[in-house]
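Descriptive structure summary
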Amino acid sequence: MSPESGADRVVPPSGFTASLTMFSAGAMAFLAVFAMALSLATSRLADRWGAELARSSTVRISAPEEQMAAQTAAVVAILQTTPGVRAARALTDEEQTALLEPWFGPDLPLDTLPVPQLIEVIEDTDGFDPQGLRLRLQAEAPGAVLDDHTRWRRPLVDAANRLRTLGIMSLLLIAATTGAMITLAANAALSANAQVVSVLRLVGARDRYIANAFVRRFTLRALVGALGGTALGMISIALLPEASTAGGFLTGLGFQGVHWFWPLIVPPLAALVALIATRAAALRVLKGLT
């Protein structure tokens, strides 16, 4: 029997260290899948919010009822001759009612309220000069106010980017926690078998062989646990409601297309973390047992 094969028997094939390693790796892999889904979803959200709000603007017209139609026509004419504006149209009463419905309910009587007229402005790829358009509207249609959505777009995109950063930080924290738990399990297994390790040294086994035995066993345990946690996490993500406009961000938490392959890197990463953590712990403990 070679020293390496004898050392491999030192590692407990079962017991609390095996259970702790597999459970920790599985739980952390499960959380890593959700953290990855959060990061990818917020990335899509930031791109969508930035693109949609950057392409559109709104002109709000506040004028007496008898002047509203004339000012609306004047503003539309101005917008249609503005470089960088691809399309401009006045929203209908039904569309404006739909915009106000979440705040005032479905039976809002627009004809009895001084609701401003909204004009949707769609930019082309080059865009227009907001400041120049504001000056032109001020001169030709004093009741019109341009909103290029800058004050709305920036906070929304910043919030989505921060959530994406939080997802990445969560992945790093999960990896660190996995390494810490596996280190504790490896320390416990080595300490419990200190006398056997001493005997193996007497018969010629080197510390490198003994450490490799622990590394192999704990890396395999972490890989198996992470595979189970990743599979459970992907199934849970797949069972979430599908993305929809009404559902907002929560129903968009998931993977799309090739993003479903990203969770598959979690088990190999967990095994790599286990390998590094176990090797460091084994060499440190074996050095202390000298």
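Let us look at the structure shown here. (Residues numbered from 1 in each chain as written. Predicted model: local features only at pLDDT ≥ 70, side-chain atom pairs only at ≥ 80, totals over all residues. Heavy atoms only, no water.)

1. Side note on the overall build of the chain
Scanning the chain from terminus to terminus reveals 9 helices and 4 strands. Along the chain, from the amino end to the carboxyl end, the secondary structure elements read α-α-β-α-β-α-β-α-β-α-α-α-α. Within the chain, the proportion of its 290 residues that are buried is 41%. For the chain, contacts bridging at least 24 residues in sequence account for 85% of all contacts bridging at least 6. (Helix = DSSP H or I, 4+ residues; strand = E, 2+ residues; numbered from the N terminus. Buried < 20%, exposed > 50% of the residue type's maximum accessible area, 1.4 Å probe, protein only. Contact = heavy atoms within 4.5 Å.)

2. Here's the deal with the sheet that holds strand 2 (residues 85-90)
Sheet architecture is open: 4 strands sit in the order 2-3-1-4, paired in antiparallel fashion. The open sheet has two edge strands, strand 2 and strand 4 (144-147), and neither has a second partner. Here the strands of the sheet are splayed against their neighbours by 20° on average, with no regard to which way each runs. The sheet contact formed by strand 1 (residues 56-61) and strand 4 spans 4 bridges and is antiparallel. Of the residues in strand 4, the one forming a bridge with Val 59 is Leu 146. Here helix 3 (residues 65-80) sits on the sheet in contact with strand 1, strand 2, strand 3 (117-123) and strand 4, set at roughly 5° to strand 3. (Pairing = 2+ DSSP bridges. Axes fitted to C-alpha atoms, helices over the stretch in contact; angles between N-to-C directions.)

3. Topic: the packing of helix 3 against helix 5 (residues 130-140)
Where helix 3 contacts helix 5, the two axes come as close as 11 Å, and the packing angle between them is 145°. With respect to the hand of their crossing, helix 3 and helix 5 are arranged in right-handed fashion. Contacts from Val 75, Ile 78 and Leu 79 in helix 3 reach Leu 133, Arg 136, Leu 137 and Glu 140 in helix 5. Of the residues belonging to the contact of helix 3 with helix 5, the class tally is 5 nonpolar, no polar and 2 charged. (Left-handed = near helix turned anticlockwise from the far one by under 90°. Nonpolar A, V, L, I, M, F, W, Y, C, P; charged D, E, K, R; others polar.)

4. Brief notes about the packing of aromatic side chains
Given two aromatic rings, one states the distance between the centres and the angle between the planes to describe the pair. For the structure on display, the rule yields 3 aromatic pairs. Pairing Phe 30 with Phe 34 gives two aromatic rings, centres 5.1 Å apart and planes at 50°, and the pair type is tilted. Here Phe 30 pairs with Phe 34, and both are found in helix 2 (residues 16-55), just 4 residues apart, close to one helical turn. Note on Phe 34: relative accessible area 26%, which makes it partly exposed. The ring of Phe 218 carries the charged tip of Arg 221 above its face, separated from the ring centre by 4.8 Å. (Phe/Tyr/Trp six-rings, centres within 6.5 Å; stacked < 30°, edge-to-face > 60°. Lys NZ or Arg CZ within 6 Å of the ring centre and 35° of its normal.)

5. Side note on a nonpolar patch on the surface
A grouping of Trp 262, Ile 265, Leu 269, Leu 272, Leu 275 and Ile 276 is seen on the molecular surface, where their side chains present a nonpolar patch of about 550 Å² in accessible area. On the secondary structure map, Leu 269 appears in helix 9 (residues 266-288). (Patch = residues over 30% accessible without salt bridge, like charges linked within 9 Å, V, L, I, M, F, W, Y side chains within 5 Å. Areas by Shrake-Rupley, 256 points an atom, 1.4 Å probe, with all protein chains shown as cover. Salt bridge = Lys/Arg side-chain N within 4 Å of Asp/Glu carboxyl O.)

6. Overview of the environment of Ala 231
Mapped onto the elements, Ala 231 comes out in helix 8 (residues 207-238). Separated by 201 residues in sequence, Ala 231 and Phe 30 have C-alpha atoms that sit 7.9 Å apart.

7. Remarks on the nonpolar core
If you look at the biggest cluster of nonpolar residues, it comprises 19 residues, and the most contacted ones within it are Ile 182, Leu 190, Ile 210, Phe 214, Phe 218, Ala 222 and Leu 286. Those elements that provide at least two residues to this core are helix 6 (150-192), helix 7 (194-202), helix 8 and helix 9. (Core = buried A, V, L, I, M, F, W, Y, C linked by side-chain atoms within 4.5 Å.)

8. Thoughts on helix 3
Between its first and last C-alpha atoms helix 3 spans 23 Å; for 16 residues at 1.5 Å apiece the expected length is 22 Å, and the two agree. Residues of helix 3 that are buried: Met 68, Gln 71, Thr 72, Val 75, Val 76, Ile 78 and Leu 79. (Expected span 1.5 Å × (residues − 1).)

9. Topic: the packing of helix 8 against helix 9
Where helix 8 contacts helix 9, the two axes come as close as 8 Å, and the packing angle between them is 150°. Accordingly, the angle class assigned to the pair helix 8 and helix 9 is roughly antiparallel. Here helix 8 runs over helix 9; the crossing is right-handed. Of the residues that constitute the contact of helix 8 with helix 9, the class distribution is 19 nonpolar, 4 polar and 2 charged. (Parallel < 35°, antiparallel > 145°, perpendicular 65-115°, else oblique.)

10. Some thoughts on the pattern of salt bridges
Summed over all chains, the structure comprises 3 salt bridges. In this structure, Arg 89 and Glu 120 form a salt bridge, with 3.3 Å as the shortest nitrogen-oxygen distance. In this pair, Arg 89 sits in strand 2 while Glu 120 sits in strand 3, placing the two residues 31 residues apart along the sequence. With a relative accessible area of 28%, Glu 120 lands in the partly exposed category. With a shortest N-O distance of 3.4 Å, Arg 136 and Glu 140 are connected by a salt bridge. A residue pair is termed a helical-turn pair when its members lie 3 or 4 positions apart in one helix, as Arg 136 and Glu 140 do in helix 5 at 4 residues.

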